[in-house]
Amino acid sequence: MIKKIDHIGIAVKSIEEAVKFYRDVLGLEIKGMEVVEEQKVKTTFIPVGDSEIELLESTSEDGPIARFIEKRGEGIQHIALQVDNIEKTLEELKQMGVNFIDELPRYGAGGAKIAFIHPKSTNGVLLELCQRD
Ligand code: ZN
């Protein structure tokens, strides 16, 4: 039911600044930029082999990424696991008592369907389930 680590989400103050490291120092390719208004976030994906790094920058002072950086500073914010069928996985995990932040899958960057599992169910890690078609 879980296929692989789809991506690792890193909260940054500025994507423009952060890509200087990934692109110019590590030589990785940046895959466009997207604003997800309802999450008050701007994101870009950087493919690394079979997985990706997602850089997240807040578009608003009260967005979840801004609050994360305020509390913990820049750094890893979530890990995303790719699944075949997010509705089914979400239902099965809920039945096993897993707590979700998203009761239903919603739209994420890159056209993926995503749902976040609450860190209290995962030893403190914000886990995203993500389905790409
Ligand atoms: Zn993500």
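Reference entry: report on the structure contained in this document. (Residues numbered from 1 in each chain as written. Predicted model: local features only at pLDDT ≥ 70, side-chain atom pairs only at ≥ 80, totals over all residues. Heavy atoms only, no water.)

### Comments concerning unusual backbone geometry
Its identity is not glycine, yet K40 carries a phi of approximately 50 degrees, on the positive side. By the element assignment, K40 lies in the loop between β2 (31-36) and β3 (41-48). In this structure, N123 takes a positive phi of about 55 degrees despite not being glycine. Mapped onto the secondary structure, N123 falls in the loop between β7 (113-117) and β8 (127-131). A relative accessible area of 79% means that N123 is categorised as exposed. (Helix = DSSP H or I, 4+ residues; strand = E, 2+ residues; numbered from the N terminus. Buried < 20%, exposed > 50% of the residue type's maximum accessible area, 1.4 Å probe, protein only.)

### Quick word on the pattern of salt bridges
When the charged atoms of two side chains lie near each other, side chains of opposite charge can form a pair. Summed over the entire model, instances satisfying the criterion amount to 13 salt bridges. When the shortest N-O distance is used, the salt bridge between K40 and D62 registers 3.3 Å. Of this pair, K40 sits in the loop between β2 and β3 while D62 sits in the loop between β4 (51-58) and α2 (64-72), and the two are 22 residues apart along the sequence. Relative accessible area serves as the criterion here: at 31%, K40 is assigned to the partly exposed category. Of the residues examined, D62 reaches a relative accessible area of 43% and is grouped as partly exposed. Of the charged contacts, one joins K113 and E87 as a salt bridge, the two residues approaching to 3.1 Å between their closest N and O atoms. Placement of K113 in strand β7 and of E87 in helix α3 (residues 86-95) is noted, with a sequence separation of 26 residues between them. By relative accessible area, E87 is classed as partly exposed at 38%. Taken together, the shared-partner salt bridges connect D6, K31, E52 and R132 into one network. (Salt bridge = Lys/Arg side-chain N within 4 Å of Asp/Glu carboxyl O.)

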